[in-house]
Amino acid sequence: MREWIIGVIIGGLASGCASTQTIPPQIEQIDRPALGAVVEIELGEAAVESGRRRSLPGLALSNELTWGDGVLRKRFTVAPGRLAARQSDARHTYYFSDRMTARDPLLGTAPYASGGLCRANDGSGPVRGFITPGLCVLSWNATPQVRDIRIDEADEGARRRELIYHGRADGKVRFLYRETSGDDAPQSQSIDYDLNHSAVIGFRGARLEVLEADNTRLRYRLLAPFDTDE
C-alpha cells in the first residue's frame, strides 16, 4: 500500500518536477607530484602523471539498492558502481547510474538510464533516489553506502600520461606506463626495475628515487617529470 501511494505521488509530480541544469565538467592541467616531493601512494595509483583531466564529481556506491516489487509495479535496482553528477537544481544534485535497471511486471527487466542517487546540495539529509531528474524522493530498501569521488571523462584531443605502481617482487618493482590521447585507444607498457642495481628508476624522462616499496605501497621522491617534447 505504501509503495502504491508513493507511486501515485511520483506519477502526479513527475510533470511538475524542479527544473534541472547540466553540471559542466571540471578541466584541469595535471603535473604531479611536485618536483623533489616525497610521496607515498597505494598499489595501482599513479606515481607520475601529466596531461589534462576532464572530470565530474561523483559517488562510489558499494551496495545494491532496490525500490518497488517488480510484480504490481516496476522494480528499480541500482548496482554498485560509480555514479557521475550530471544535473542539479536549487536543492539537489543528481548522480546518474549506468548500472540501473527497471523490471516491469509485463515487459521484464531492461536498462534504465535516467535515474540514480540524489542528495541535498549542502550534503545534509539522506541519500535518496530518483527516476526523473528534479524529483529526489525515493527511499531505498537499504541505506546507500557511498563516498565522494571524481570521475574522469573522455577529453577529445587531450593527451594524458601516467606511470602506475604495480608492486614489488624478488627485488624488482613493476610499473605500468599508460598514455591516452583523445579518442585513440590507450597505449600501455609494463616495465620492471631491479632495485639491486639502483634506487633511481626512469622512463620517458621521468626519474624517481624509490625510498620504500612493497606490494601495497610505494614511497618515493620525484627527481624529474616526463619529457615535454614528445
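Per an unreviewed UniProt entry, the protein goes by the name Lipoprotein and belongs to Brevundimonas guildfordensis.

1. Digging into the sheet that holds strand β9 (residues 100–104)
Taken in spatial order, the four strands of this open sheet run β5-β6-β9-β10, and their pairing is antiparallel. Of all the strands in the sheet, just β5 (65–67) and β10 (108–111) have a single pairing partner and so form its edges. On average, each strand axis in the sheet is inclined to that of its neighbour by 20°, with strand direction left out of account.

2. Quick notes on the state of the cysteines
Counted according to the given criterion, the structure contains one disulfide. Between cysteine 118 and cysteine 136 runs a disulfide, and the two sulfur atoms are separated by 2.2 Å. Looking down the S-S bond of the cysteine 118 and cysteine 136 bridge, the torsion is 95°, so its handedness is right-handed. Placement of the pair is cysteine 118 in strand β11 (residues 116–120) and cysteine 136 in the loop between β12 (128–130) and β13 (146–152), with a sequence separation of 18 residues.

3. Concerning the packing of aromatic side chains
Summed over the entire model, instances satisfying the criterion amount to eight aromatic pairs. Between the aromatic rings of phenylalanine 96 and phenylalanine 130, the centroid separation amounts to 5.1 Å while the plane-to-plane angle is 75°, which identifies the pairing as edge-to-face. In this pair, phenylalanine 96 is assigned in strand β8 (residues 92–96) and phenylalanine 130 in strand β12, connecting sequence segments 34 residues apart. Take phenylalanine 96: its relative accessible area is 14%, and that puts it in the buried class. Taken together, Trp67, Phe76 and Tyr112 form an aromatic cluster joined through their ring pairs.

4. A look at the side chain of arginine 160
Inspection of the secondary structure assignment puts arginine 160 in strand β14 (residues 159–169). Side-chain polar atoms of arginine 160 contact the side chain of aspartate 152, separated by 2.9 Å.

5. As for the pairing of strand β6 (residues 75–78)
Every other side chain in a regular strand lies on the same face of the sheet, so the side chains alternate between the two faces. Of the pairings in the sheet, the one linking β5 to β6 comprises three bridges and is antiparallel in character. Residue pairing in the sheet places leucine 65 in a bridge with valine 78 of β6. For β6 and β9, the ladder comprises four bridges, and the chain directions are antiparallel. Its bridge partner lying in β9, phenylalanine 76 is registered against alanine 102.

6. Quick word on the environment of phenylalanine 96
Along the sequence, phenylalanine 96 and alanine 113 sit 17 residues apart, while their C-alpha atoms lie 7.4 Å from each other. Setting aside anything within four residues of it in sequence, one finds phenylalanine 96 in contact with Leu83, Ala84, Arg86, Gln87, Ala113, Ser114, Gly115, Phe130 and Pro133.

7. Description of the pattern of salt bridges
Under the counting rule described, the total for this entry stands at 17 salt bridges. The closest approach of N and O atoms between glutamate 40 and arginine 217, which form a salt bridge, is 3.2 Å. One end of the pair, glutamate 40, is in strand β3 (residues 38–42); the other, arginine 217, is in strand β19 (residues 217–224), and 177 residues separate them in sequence. Between aspartate 152 and arginine 53 there is a salt bridge; the shortest N-O distance is 2.6 Å. Of the two residues, aspartate 152 is situated in strand β13 and arginine 53 in strand β4 (residues 46–61); the sequence distance between them amounts to 99 residues. Look at aspartate 152 and you get partly exposed, because its relative accessible area is 35%. A single salt-bridge network, built from bridges that share partners, covers Glu28, Arg32, Glu49, Arg53, Asp152, Arg160, Glu162 and Arg178.

What counts, and at which threshold
Residues numbered from 1 in each chain as written. Predicted model: local features only at pLDDT ≥ 70, side-chain atom pairs only at ≥ 80, totals over all residues. Heavy atoms only, no water. Pairing = 2+ DSSP bridges. Helix = DSSP H or I, 4+ residues; strand = E, 2+ residues; numbered from the N terminus. Axes fitted to C-alpha atoms, helices over the stretch in contact; angles between N-to-C directions. Disulfide = S-S within 2.5 Å. Phe/Tyr/Trp six-rings, centres within 6.5 Å; stacked < 30°, edge-to-face > 60°. Buried < 20%, exposed > 50% of the residue type's maximum accessible area, 1.4 Å probe, protein only. Polar contact = N/O pair within 3.5 Å; in protein donor to acceptor, adjacent residues only side chain to side chain. Contact = heavy atoms within 4.5 Å. Salt bridge = Lys/Arg side-chain N within 4 Å of Asp/Glu carboxyl O.

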